Amino acid sequence: MMMNILDFNPQKSIYYSVYEICNKQTTTEERFLDDNEKVCDVIALWKSDMDKASKSRELVEFRLYLKLLIYYPFSEDDYDTVSVVYYQTLYDVLSGKFGLNQEQITILSALQLLNEFGTERESAFSSVKGHIEKYIPAAGMKMLSSDQWVENIMDLYSSLSSYSKNQAKWNYLEELKQIPTYQSQQFDATFNLTKSGANNDNIPENCVIGIKPEGIMILDQDRNEIVFYKYEVIMNWGISKDQFILCISKEDNDIRKVCFITSQTKIIQSLVEIYCNILAGRTIKEIMEIVKGYGTRFEKMETGRKRQSSKYKKAT
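Residues numbered from 1 in each chain as written. Predicted model: local features only at pLDDT ≥ 70, side-chain atom pairs only at ≥ 80, totals over all residues. Heavy atoms only, no water.

A. Focus on the confidence of the model for the protein chain. Mean pLDDT over the protein chain: 87, with 92% of residues reaching 70 or higher. Within the protein chain, no element has a lower average pLDDT than strand β11 (residues 308–309), which sits at 44, and none a higher one than strand β6 (residues 215–219), at 96. Across residues 304–316 the pLDDT falls below 50, and counting only partners more than four positions away or on other chains, this stretch makes 52 contacts in the model. (pLDDT = per-residue confidence, 0-100. Helix = DSSP H or I, 4+ residues; strand = E, 2+ residues; numbered from the N terminus. Contact = heavy atoms within 4.5 Å.)

B. Looking closely at the packing of helix α4 (residues 102–117) against helix α6 (residues 146–159). Two numbers describe how α4 lies on α6: the axes approach to 8 Å, and their chain directions differ by 60 degrees. The angle between the axes of α4 and α6 places the two elements in the oblique class. Crossing geometry of α4 relative to α6 is assigned as right-handed. Contacts between α4 and α6 involve Gln102, Ile105, Thr106, Ile107, Ser109, Ala110, Leu113, Leu114 and Phe117 from the first element and Trp149, Asn152, Ile153, Met154, Leu156 and Tyr157 from the second. A per-class count over the contact of α4 with α6 returns 11 nonpolar, four polar and no charged. (Axes fitted to C-alpha atoms, helices over the stretch in contact; angles between N-to-C directions. Parallel < 35°, antiparallel > 145°, perpendicular 65-115°, else oblique. Left-handed = near helix turned anticlockwise from the far one by under 90°. Nonpolar A, V, L, I, M, F, W, Y, C, P; charged D, E, K, R; others polar.)

C. Looking closely at the pairing of strand β4 (residues 185–191). Of all seven residues in β4, six are buried; the element is thus mostly enclosed. As judged from the six bridges shared by β4 and strand β5 (residues 206–211), these two strands associate in the antiparallel manner. Looking across to β5, one finds that alanine 189 is bridged to cysteine 207. The pairing of β4 with strand β10 (residues 255–261) spans two bridges and is classified as antiparallel. Residue pairing across strands places phenylalanine 191 opposite phenylalanine 260, the latter belonging to β10. (Buried < 20%, exposed > 50% of the residue type's maximum accessible area, 1.4 Å probe, protein only. Pairing = 2+ DSSP bridges.)

D. Focus on unusual backbone geometry. Of note, aspartate 7 is a non-glycine position whose phi angle comes to about 60 degrees, a positive value. Examined against the element boundaries, aspartate 7 turns out to sit in the loop between α1 (2–5) and β1 (16–23). Not every positive phi belongs to a glycine, and asparagine 202 is a case in point at roughly 55 degrees. For asparagine 202, a relative accessible area of 61% puts it in the exposed group.

E. Region of the structure containing the packing of aromatic side chains. With the rule as written, the count across this model stands at 10 aromatic pairs. Between the aromatic rings of tyrosine 15 and tyrosine 72, the centroid separation amounts to 4.5 Å while the plane-to-plane angle is 45 degrees, which identifies the pairing as tilted. Separated by 57 residues along the polypeptide, tyrosine 15 in the loop between α1 and β1 and tyrosine 72 in the loop between β3 (61–68) and α3 (79–94) bring together distant segments of the chain. Note on accessibility: tyrosine 15 and tyrosine 72 belong to one class, buried. Taking the centre distance of 4.6 Å and the plane angle of 65 degrees together, the rings of tyrosine 19 and phenylalanine 32 count as edge-to-face. Of this pair, tyrosine 19 sits in strand β1 while phenylalanine 32 sits in strand β2 (residues 28–32); the two residues are 13 residues apart in sequence, bridging distant segments of the chain. The lysine or arginine in question, lysine 67, covers the ring of tyrosine 19, its NZ or CZ lying 4.0 Å from the ring centre. (Phe/Tyr/Trp six-rings, centres within 6.5 Å; stacked < 30°, edge-to-face > 60°. Lys NZ or Arg CZ within 6 Å of the ring centre and 35° of its normal.)

Written as structure tokens, this is what we have:
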């Protein structure tokens, strides 16, 4: 229904999901909704949470978004996909889900301004000057002062004035392709040493699972890559209510088990299975049949209302 309202190709609905974001004063919590969750139940939980927050005078805001769950190849003239990927990637950048240096942040911020204001320099300057937190990740505010950021961004923005808005979005995504966490869905997790048996890859206890089209990344809390498991070396995987287990084939023919505690195991399971089927050459029709079966396969696995926290604070 959401795809039709937005005039998107409904045949691509398999790639999309409904995403819940809860903005609080100090943190942001977010998660993909399970397919079998009822919207009325979700909204009832919102009301309950807001009633609790009102007693402590805390401001809480809930929203639902249509989000690309499964990344697929697209070109610059696929305007719908470029826009969707741009806006959700922009959100991820500002949320701190990419480990970016000063130069990269400057380039991305300038392209963001160009998309928003075109060649209207005064409006662009007013926006970045008055709302720097809309352009710089919170971690970036430790690198330079607000005035230094504004000066660097505006200098670069002025040199890019020949770009169209779609070109600005496309180049924004092109700039991020060199970042390992690009096109990854990230989930907070805890490494379970007891179930894993060993920690040969030096995975930190508090980590992030990044599911990509090519494999599974394990990151630290600062989004630095610890280890990357290509799907070709994943012999098997499984889930329970709150655990995700991988069996990895090593070069010496040894099978290593890696276990994580995380809240969104069903979404992780579906992502891994779909990407593996795509790599195996399955058609979209075949994959849609697999997706349809998730409700039956996991209907008894109640994961409850656990949210994945993005663990970032807005820049001030």
